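Residues per chain are reported as follows:
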Amino acid sequence: MRPAGLPDDTGDRATRVLEGPLGNAVAVGITVEPAGGSAQPTTEPLGVISVST
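So, here is what we can say about the structure in this document. No experiment lies behind these values; they were computed from the predicted model shown.

### Re the overall build of the protein
So, step 1. Each helix and strand counted, the protein has 0 helices and 2 strands in total.
So, step 2. The principal-axis extent of the C-alpha atoms belonging to the protein is close to 35 × 20 × 20 Å.
So, step 3. Here the protein holds 53 residues, and 0% of them are scored as buried.
So, step 4. Expressed as a percentage of contacts within the protein between residues at least 6 apart in sequence, the contacts between residues at least 24 apart total 24%.

### So, the layout of surface pockets
So, step 1. Quantified by volume, the largest pocket comes out at close to 1,200 Å³.
So, step 2. Of all the elements, strand E1 (residues 27-30) adds the most residues to the lining of the largest pocket, at 4 residues.
So, step 3. Grouping the constituent residues of the lining of the largest pocket by class yields 20 nonpolar, 9 polar and 4 charged.

### A look at a nonpolar patch on the surface
So, step 1. On the surface, a nonpolar cluster with roughly 310 Å² of combined accessible area is contributed by Ile30, Val32 and Leu46.
So, step 2. Tracing the backbone through its elements, the reader meets Leu46 in the loop between E1 and strand E2 (47-50).
So, step 3. Classification of Leu46 as exposed rests on a relative accessible area of 63%.

Cut-offs used in this document
Residues numbered from 1 in each chain as written. Predicted model: local features only at pLDDT ≥ 70, side-chain atom pairs only at ≥ 80, totals over all residues. Heavy atoms only, no water. Helix = DSSP H or I, 4+ residues; strand = E, 2+ residues; numbered from the N terminus. Buried < 20%, exposed > 50% of the residue type's maximum accessible area, 1.4 Å probe, protein only. Contact = heavy atoms within 4.5 Å. 1 Å grid on protein atoms, 1.4 Å probe; cavity = no way out; pocket = protein on both sides within 12 Å on 5 of 7 lines; lining within 4 Å. Points joined across faces, edges and corners; volume = space filled by probe spheres on them. Nonpolar A, V, L, I, M, F, W, Y, C, P; charged D, E, K, R; others polar. Patch = residues over 30% accessible without salt bridge, like charges linked within 9 Å, V, L, I, M, F, W, Y side chains within 5 Å. Areas by Shrake-Rupley, 256 points an atom, 1.4 Å probe, with all protein chains shown as cover. Salt bridge = Lys/Arg side-chain N within 4 Å of Asp/Glu carboxyl O.

Treat this as a map of the structure, not an account of what it does.
Right, here's the structure in full:
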């Protein structure tokens, strides 16, 4: 797993465009992380979305 970034903390709905090649990725997950992010997930995913190439 690798981080894809943090959404803006505006209190509104947040979106994030994932850019770049998927490589061998099979899914994208969403986790809650400490302020500033984390090099790897520290919580169980809130959601996982399968991707296909």
